[in-house]
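For reference, the chains in residue letters:
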Amino acid sequence: MRLRNSLVAAAGALLITLAVPTSAQAATGDFLYKVGPGVPSGLADPRSRECINLFGATEDHPAFAPENFTTSTATVFLDFDCDGDTYYVMNPGKKLGNRLKLRSVIFS
């Protein structure tokens with residue numbers, strides 16, 4: 001009898017765990033970059049698995065000098081909407097120089 005009660009309780013706990021929605025995942029930390037003539041900008045705790053077009057980046061003047069101080073890998077793209085063949089994968093803690101141009105990013 002006790003074993004059956006224990007199994008019912010365990011099954012109930014499992015069902016409750018599965019029924020609770022998970023929160024949206026985010027990369028913890030800051031992703032920094034520069035726009036225009038070198039104006040610092042950035043993202044704080046950006047959402048994971050969601051393409052982010054960088055504020056301040058334009059068709060004529062892309063963002064540059066990215067620094068990934070998040071806990072996730074960042075893939076930066078030259079084009080908006082994480083599109084195109086020109087991209088670079090940045091591990092956490094990675095800093096890149098002024099020569100790398102970007103307009104969008106997605107975090108793992």
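The residue numbers shown here count from 1 along each chain, following its written sequence. pLDDT decides what is reported in this predicted model: residues at 70 or higher carry local features, side-chain atom pairs at 80 or more are listed and counted, and totals for whole chains, interfaces and linings draw on all residues regardless. To get the side-chain values, all heavy atoms of the structure are used, and hydrogens and water are removed first.

A.B. asks: What is the right way to read the nonpolar core from this model?
C.D. replies: Inside soluble globular proteins, nonpolar side chains tend to come together where they are buried. Nine residue types can take part in a nonpolar core, namely buried Ala, Val, Leu, Ile, Met, Phe, Trp, Tyr and Cys, and a core is a set of them joined through side-chain atoms within 4.5 Å. Three labels apply to residues, based on accessible area from a 1.4 Å probe with only protein chains included: buried if under 20% of the type maximum, exposed if over 50%, partly exposed otherwise in between. Counting residues in each nonpolar core, the largest one holds 16 residues, and the members touching the most others are Phe 31, Tyr 33, Leu 43, Leu 54, Ala 63, Val 105 and Phe 107. Elements represented by at least two residues in this core include exactly strand S1 (29–35), strand S5 (74–77) and strand S8 (104–107). Per-element tally for this core: the top contributor is S1, with 3 residues. The secondary structure listing takes helices from DSSP runs of H or I that are at least 4 residues long and strands from runs of E that are at least 2 residues long, numbered from the N terminus.

A.B. asks: When you look at a negative patch on the surface in this model, what are you seeing that I'm missing?
C.D. replies: A patch is a set of surface residues, each over 30% in relative accessible area and not in a salt bridge, joined within 9 Å for like charges and within 5 Å for the nonpolar side chains Val, Leu, Ile, Met, Phe, Trp and Tyr. Under the convention used here, a 1.4 Å probe and the Shrake-Rupley method define accessible areas, while residue burial counts only the protein chains that appear. What counts as a salt bridge is simple: a side-chain nitrogen of Lys or Arg found within 4 Å of a carboxyl oxygen of Asp or Glu. His is not counted here, nor are the chain ends, while Lys and Arg score as positive and Asp and Glu score as negative. Charged groups are reduced to one reference atom each: NZ for lysine, CZ for arginine, CG for aspartic acid, CD for glutamic acid. Taken together, the side chains of Glu 59, Asp 60, Asp 79, Asp 81, Asp 83 and Asp 85 make up a negatively charged region of the molecular surface. Locating Glu 59 in the fold gives a position in the loop between strand S3 (52–53) and strand S4 (63–70). Residue Glu 59 is classed as exposed on the basis of its relative accessible area of 60%.

A.B. asks: Can you walk me through the sheet that holds strand S6 (residues 87–90) in this structure?
C.D. replies: Strand pairing in a sheet relies on backbone hydrogen bonds. The paired strands run either parallel or antiparallel. Strands qualify as paired when DSSP identifies two bridges or more between them. The strand order across the open sheet formed by 4 strands is S3-S8-S5-S6, and the pairing between neighbours is antiparallel. Strands at the two margins of the open sheet, each flanked by one partner only, are S3 and S6. Where S5 meets S6, 4 bridges bridge the pair, whose relative direction is antiparallel. Of the residues in S6, the one forming a bridge with Phe 77 is Tyr 87.

A.B. asks: Could you clarify how one ought to interpret the sheet that holds strand S7 (residues 101–102) in this entry?
C.D. replies: Ordered by their spatial adjacency, 4 strands build an open sheet running S2-S1-S4-S7, and the pairing between neighbours is antiparallel. Edge strands, defined here as strands with exactly one partner in the open sheet, are strand S2 (39–44) and S7. Of the pairings in the sheet, the one linking S1 to S2 comprises 6 bridges and is antiparallel in character. Residue pairing in the sheet places Asp 30 in a bridge with Ala 44 of S2.

A.B. asks: Honestly, the pattern of salt bridges in this entry has me stumped. Any pointers?
C.D. replies: Pairing between side chains becomes possible if they bear opposite charge and their charged atoms approach one another. This model, assessed by the stated rule, comprises 1 salt bridge. The partner of Glu 50 in a salt bridge is Arg 47, and the shortest N-O contact between them spans 3.2 Å. The exposure class of Glu 50 is partly exposed, given its relative accessible area of 36%. Judged by relative accessible area, which is 43%, Arg 47 ranks as partly exposed.

A.B. asks: Would you explain the environment of Val 89 in this entry?
C.D. replies: Checked against the element boundaries, Val 89 lands in strand S6. For the pair formed by Val 89 and Phe 107, sequence separation is 18 residues and the distance between their alpha carbons is 9.7 Å. Any two residues having at least one pair of non-hydrogen atoms within 4.5 Å are treated as being in contact. The residues contacting Val 89, other than those within four sequence positions of it, are Thr 73, Ala 74 and Thr 75.

A.B. asks: Would you take a moment to explain the pairing of S8 for this structure?
C.D. replies: It is a general feature of regular strands that their side chains alternate between the two faces of the sheet. In the sheet, S3 pairs with S8 via 2 bridges, with the strands oriented antiparallel. Within S8, the residue paired with Asn 53 across the bridge is Ser 104. Pairing between S5 and S8: 4 bridges, direction antiparallel. From the neighbouring strand, Thr 75 faces S8, where its bridge partner is Ile 106.

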